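# Working through the structure, step by step
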Amino acid sequence: MTFARNFTVIENHWITLKDGTRLAARIWMPDGAENDPVPAVFEFLPYRKRDGTSPRDESTYPVFAAAGIAGVRVDIRGSGESDGVIDGEYTELELANACELIAWIAAQPWSNGSVGMMGISWGGFNSLQVAALRPPALKAVISIASTVDRYNDDIHYKNGCHLSAQLSWAATMLGYQSRSPDPEIVGDRWKDMWLQRLENEPFFMEEWLQHQRRDDFWRHGSICENFADVDIPALVIAGWADGYRNTPLMAVEGLGDTAKALIGPWVHKYPHFAWPKPRADFHGEAIAWWNRWLRGDQNGAENLPQVRAYILDAVKPAPRRDFDPGFWIAKRDWQKPEMQCFYVEQFGTLMEGMPIPHAPEHAVYLRSPLDTGTTSGEYFTLKPDAEMAIDQRLDDAGSLTFQTTPLAADHDYLGRPVVTLSLRCDAETANLCARLIDLHSDGTATRVSFGVLNLAHREGNAAPKPMKKGERTTIRLTLDACGYRFRKGHRIALSLSTSYWPMILPPPENPGLTIDIASIGFALPKLGAYDAIDIKQPDNPDPLPKYVEHAPATTKRQVVRDLSANKTLYEIREDTGLFEHPGTGLSTRQLREEVWSIAPDDPLSMSGTSIWTCDMRRPGWYVRTVATATISCTAAEWIIRASVIAFEGNTQIFEKIFEEKRIPRDLM
């Protein structure tokens with residue numbers, strides 16, 4: 001039995017690396033650890049412990065410390081109060097620094113020598129990547145909303161399609177990394193540190209666009225390249241409402257019983273405060289995991305089912321989804337599911353069974369308006385509002401849609417749907433999107449899963465090949481994982497489109513596709529036998545700390561169709577509000593302004609602009625940065641631009657214009 005312990009918060013501790021760089025750490029230390037050494041959990045991020053992640057840190061690490069587990073939250077070089085300048089995502093330097101920090105933690109007199117690594121998103125990524133490097137003291141990881149395949153399941157590319165989130169994320173990181181360290185921690189050198197960052201921080205998208213196919217750049221850090229490199233236990237968590245929903249099942253399939261998967265209905269948040277509800281007792285799950293693998297407690301954590309998942313039950317889109325109906329299931333030993341197959345009969349109805357071999361070709365031409373896709377939501381979602389996919393009927397209007405007759409019984413699925421079909425294309429490449437839809441009896445259309453494919457990547461992402469114009473080609477497209485119950489009386493629908501904007505950017509031409517509907521096969525993964533389970537809810541229903549509100553948060557997302565100009569705009573306005581940490585007196589605010597534009601009949605009209613404004617202040621001190629990133633295109637090139645402007649008070653003290661880059665399109 002674990003008794004609650006008192007603990008001390010060390011607001012900032014400097015850890016000096018072998019190269020002399022000082023990294024800033026915040027540590028939650030159980031009392032008495034110097035006489036009774038404790039395990040430690042390490043998190044390594046560029047998102048600033050002082051302000052950026054402090055709410056979620058303060059919701060979790062005090063609970064760990066009270067359970068006798070130290071928490072060590074370190075800012076990556078060039079972020080927060082750490083020295084230096086960041087050099088990219090998951091670089092060899094970052095991962096080497098992480099291994100060095102793990103060794104430092106294990107060597108401290110308060111440490112029992114066993115370290116766990118944890119995180120969501122960036123921290124979930126590098127937890128798995130560091131595990132593959134096998135630092136001796138690292139004994140277990142918890143990875144939330146992460147990926148095992150950096151090319152296909154991150155925010156850059158997806159099956160060879162160019163995700164608009166790539167620009168959004170590049171602008172975000174440009175804004176995040178442009179922020180000043182806190183003078184209360186670094187002292188008078190804050191401004192010199194800040195100017196060094198501003199002058200030297202990279203615009204990540206320049207590098208990302210140099211790698212439009214799955215080359216060594218993306219293979220680095222993708223543990224799916226060799227799952228056997230990870231030989232320690234990994235608890236892998238994700239939410240169906242997030243873009244990283246594939247990782248838990250891929251992890252258990254690749255790592256075997258070394259990995260345990262937990263999938264809920266959530267957006268891109270920790271499961272003890274995520275939406276939509278129901279939530280999960282992450283603290284209890286994590287403490288049991290750490291006690292088993294970092295302390296040696298025989299608590300049975302190794303006997304958890306391989307997969308625990310929440311099966312969504314006939315969910316409806318809404319302006320805000322606070323709770324999604326469904327039920328929890330467990331699969332003690334995960335096996336790839338049996339597939340239920342459907343085909344399209346001659347009148348367009350989706351029927352159970354396999355396509356008829358050698359059936360006469362039934363050709364249908366599909367050329368979606370280029371603004372098809374505006375109901376898609378974000379790639380990764382932070383709020384349960386229109387960031388999530390909404391009613392799909394608007395996008396279905398620009399799609400080729402097939403549906404079953406009303407179901408005679410409930411149909412339950414868990415896994416990744418697959419579409420196979422034959423088509424012809426009159427260009428070197430085109431995009432294809434497939435969506436699995438739940439058609440409710442009132443006509444509401446819920447997106448259950450989707451997949452996209454750049455047809456030049458039909459045989460793989462490493463060496464794309466142009467389509468042979470007009471030649472019949474068979475395509476296999478795997479959709480994202482889902483867990484879903486289609487209710488009796490509902491219809492299952494398959495929607496195909498040649499556009500999914502603004503989530504994916506269009507190819508140079510928009511030739512349309514001639515699809516043989518007689519060839520369409522649609523396979524859905526049956527849920528099969530399972531154990532019904534309950535997942536414990538958090539003891540604290542409102543675990544995030546309360547900060548002082550000086551200005552409220554606001555959000556606005558809209559689609560504007562300018563009929564006179566033949567232009568569609570997708571506009572996002574996000575304001576985090578201005579909030580003050582009551583312990584540090586530091587107030588922060590971020591504003592995101594993003595606009596995507598396209599003419600529905602011209603792929604070269606596409607453009608996007610993302611602007612991040614970041615404010616930091618306390619009495620007598622105020623700084624602001626404005627980071628801007630844009631993308632447009634020609635038939636042969638991507639064109640990107642970026643800039644950063646910094647203010648101290650109301651005085652502009654810095655401006656950097658990144659030189660315009662014109663990067664050749666690589667069959668994309």
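Refer to the structure above for everything that follows.
Report follows, based on the coordinates. Keep in mind it's a predicted model, so treat the numbers as computed, not measured. Each residue is numbered by its place in its chain's sequence as written, counting from 1. Local features in this predicted model are restricted to residues whose pLDDT is 70 or higher, and side-chain atom pairs enter the listing and the counts only when it is 80 or higher, whereas totals over whole chains, interfaces and linings include all residues. Note: side-chain values were computed over all heavy atoms of the structure, leaving out hydrogens and water.

### So, the overall build of the chain
Strands here are runs of E lasting at least two residues and helices are runs of H or I lasting at least four, both read from the DSSP assignment and numbered beginning at the N terminus. Secondary structure assignment for the chain yields 11 helices and 34 strands. Here the globule rule is a power law, 2.2 Å times the number of residues to the power 0.38, and the radius of gyration is based on C-alpha atoms. Rg of the C-alpha trace for the chain: 25 Å, near the compact-globule value of 26 Å for 668 residues, within the 12% margin. By its C-alpha atoms, the chain is 80 × 60 × 45 Å across when sized along the principal axes. Here's how the labels work: a residue is buried when its accessible area is under 20% of the maximum for its type, exposed when over 50%, partly exposed in between, all with a 1.4 Å probe on protein chains only. The buried share of the chain, reckoned over its 668 residues, is 62%. Two residues qualify as a contact provided that any one of their heavy atoms is within 4.5 Å of a heavy atom in the partner residue. Here the analysis covers contacts within the chain between residues at least 6 apart in sequence; of these, 73% occur between residues at least 24 apart. As displayed, the chain offers around 24100 Å² of accessible surface, 51% of which is attributable to carbon and sulfur atoms. Residues counted as positive are Lys and Arg, residues counted as negative are Asp and Glu, and His and the chain ends are not counted. Charge placement uses NZ in Lys and CZ in Arg. For Asp and Glu, CG and CD serve respectively. Taken together, the 70 basic and 87 acidic charged side chains of the chain have centroids lying 2 Å from each other. We get accessible surface area from the Shrake-Rupley algorithm with a probe of 1.4 Å; when it comes to residues, only the shown protein chains can shield them.

### Some details on helix α3 (residues 122–133)
Multiplying 1.5 Å by the helix residue count minus one yields the expected span of that helix. Its 12 residues place the ends of α3 17 Å apart at the C-alpha level, agreeing with the 16 Å of an ideal helix rising 1.5 Å per residue. For α3, a buried count of 10 out of 12 residues is recorded, marking the element as mostly surrounded by other parts of the structure. Taken together, the buried positions of α3 are W122, G123, G124, F125, N126, S127, L128, Q129, V130 and A131. Two residues or fewer after α3 comes R134, characterised by a positive phi angle close to 60°.

### Regarding the sheet that holds strand β23 (residues 491–497)
Here, any two strands with at least 2 DSSP bridges between them count as paired. The four strands are arranged β16-β23-β19-β20 in an open sheet whose pairing can be described as antiparallel. The open sheet has two edge strands, β16 (400–403) and β20 (445–454), and neither has a second partner. Pairwise comparison of adjacent strand axes, ignoring direction, gives a mean angle of 15° for this sheet. Taken together, the four bridges between β16 and β23 define a ladder with antiparallel strand orientation. Axes here mean lines fitted to C-alpha atoms, for a helix over just the part in contact, with angles spanning 0 to 180 degrees between N-to-C directions.

### Comments concerning the side chain of Q590
Tracing the chain through its elements places Q590 in strand β30 (residues 587–599). When residues no more than four places from it in sequence are discounted, the contact partners of Q590 are R179, E574, D575, T576, W612, T613 and C614.

### Remarks on unusual backbone geometry
For the bond running from W275 to P276, omega is -15°, close enough to zero to count as cis. Relative to the assigned elements, P276 resides in the loop between β10 (259–264) and α10 (282–294).

### Describing helix α6 (residues 190–200)
Residues of α6 that are buried include every one of W190, M193, W194, R197 and L198, and no others. For α6, the arc enclosing every buried residue in end-on projection is 135°, short of the 170-degree limit, so these residues lie on one face. The elements touched by buried residues of α6 are α4 (165–177), α5 (183–186), β32 (621–633), β33 (637–648) and β34 (651–664). Taking the helix axis as origin, the arc is that swept by the directions to the C-beta atoms.

### Some points on the pattern of salt bridges
The working definition used for a salt bridge is a side-chain nitrogen of Lys or Arg within 4 Å of a carboxyl oxygen of Asp or Glu. Scanning the model with the defined rule gives 59 salt bridges in all. A salt bridge links E387 to K383, with the shortest nitrogen-to-oxygen separation between them at 2.4 Å. The residue D516 makes a salt bridge to R472 at a minimum N-O spacing of 3.0 Å. Note that D516 is positioned in strand β24 (residues 513–525) and R472 in the loop between β20 and β21 (473–478), a separation of 44 residues in sequence. By relative accessible area, D516 is classed as buried at 2%. For R472, a relative accessible area of 37% gives the class partly exposed. Residues participating in the shared-partner salt-bridge network are E378, K383, D385, E387, R557, E574, R592 and E594.

### What about the nonpolar core?
In a soluble, globular protein the nonpolar side chains are often hidden away together inside. Counting 191 residues, the largest nonpolar core has F42, F64, W122, I142, W290 and L496 as the members making the most contacts within it. Tallying contributions element by element places α4 first for this core, with eight residues. Leave out the neighbours within four places in its chain, and L496 touches L366, S399, L400, F402, L421, C433, A434, I515 and I520. Joining through side-chain atoms within 4.5 Å is the link that ties buried Ala, Val, Leu, Ile, Met, Phe, Trp, Tyr and Cys residues into a set, and such a set is a nonpolar core.

### Section: the side chain of T446
Among the structural elements, T446 can be located in strand β20. By relative accessible area, which is 3% here, T446 ends up buried. Pairs of N or O atoms within 3.5 Å make up the polar contacts considered here, provided that, within protein, one atom can donate a hydrogen while the other can accept it, and that residues adjacent in sequence are counted only when both atoms are side-chain atoms. Reaching out from T446, the side chain makes a polar contact with the backbone oxygen of V315 at a distance of 2.7 Å. Leaving out residues up to four positions away in the same chain, T446 has contacts with V315, K316, P317, Q392, L436, I437, D438, H440 and Y484.

### What to know about the pairing of strand β12 (residues 326–331)
Across the six residues of β12, five count as buried, placing the element largely inside the fold. When strand β11 (residues 307–313) meets β12, the two strands line up antiparallel, connected through six bridges. Within the sheet, the bridge partner assigned to I311 lies in β12 and is F327. Pairing between β12 and strand β25 (residues 531–532): two bridges, direction antiparallel. Each residue of the ladder has a partner; that of I329, found in β25, is A532.

### Structural notes on the environment of A408
Checked against the element boundaries, A408 lands in the loop between β16 and β17 (411–415). A relative accessible area of 68% means that A408 is categorised as exposed. For the pair A408 and R491, spaced 83 residues apart in sequence, the C-alpha to C-alpha distance is 9.7 Å.

### Focus: the environment of F217
Relative to the elements of secondary structure, F217 occurs in helix α8 (residues 216–219). Placed 226 residues apart in sequence, F217 and G443 show a C-alpha to C-alpha distance of 45 Å. Each residue touching F217, except ones within four places of it in the same chain, is listed here: R150, E207, W208 and H211.

### As for the packing of aromatic side chains
Any two of the Phe, Tyr and Trp rings considered here, Trp counted by its six-membered ring, make a pair once their centres fall within 6.5 Å; the pair's planes then place it as stacked at under 30 degrees, edge-to-face at over 60, or tilted in between. Summed over all chains, the structure comprises 29 aromatic pairs. Taking 5.6 Å as the distance between ring centres and 75° as the angle between the ring planes, the aromatic pair formed by Y176 and W612 counts as edge-to-face. In this pair, Y176 sits in helix α4 while W612 sits in strand β31 (residues 602–618), placing the two residues 436 residues apart along the sequence. Here the aromatic rings of F327 and Y530 are separated by 6.2 Å at their centres, their planes lie at 35°, and the arrangement is tilted. With F327 in strand β12 and Y530 in the loop between β24 and β25, the pair connects residues that are 203 residues apart, well separated along the chain. According to the relative accessible area criterion, Y530 is partly exposed, its value standing at 33%. The structure contains a cluster of three or more aromatic residues connected by ring pairs, namely Y47, Y90, W122, F125, W169, Y176, Y244, Y379, F380 and W612. Over the ring of W275 we find R320, and its NZ or CZ is 5.0 Å from the ring centre. The ring of W638 carries R665 above its face, with NZ or CZ at 3.9 Å from the centroid. When the NZ atom of lysine or the CZ atom of arginine is within 6 Å of a ring's centre and also within 35 degrees of its normal, the charge is said to sit over that ring.

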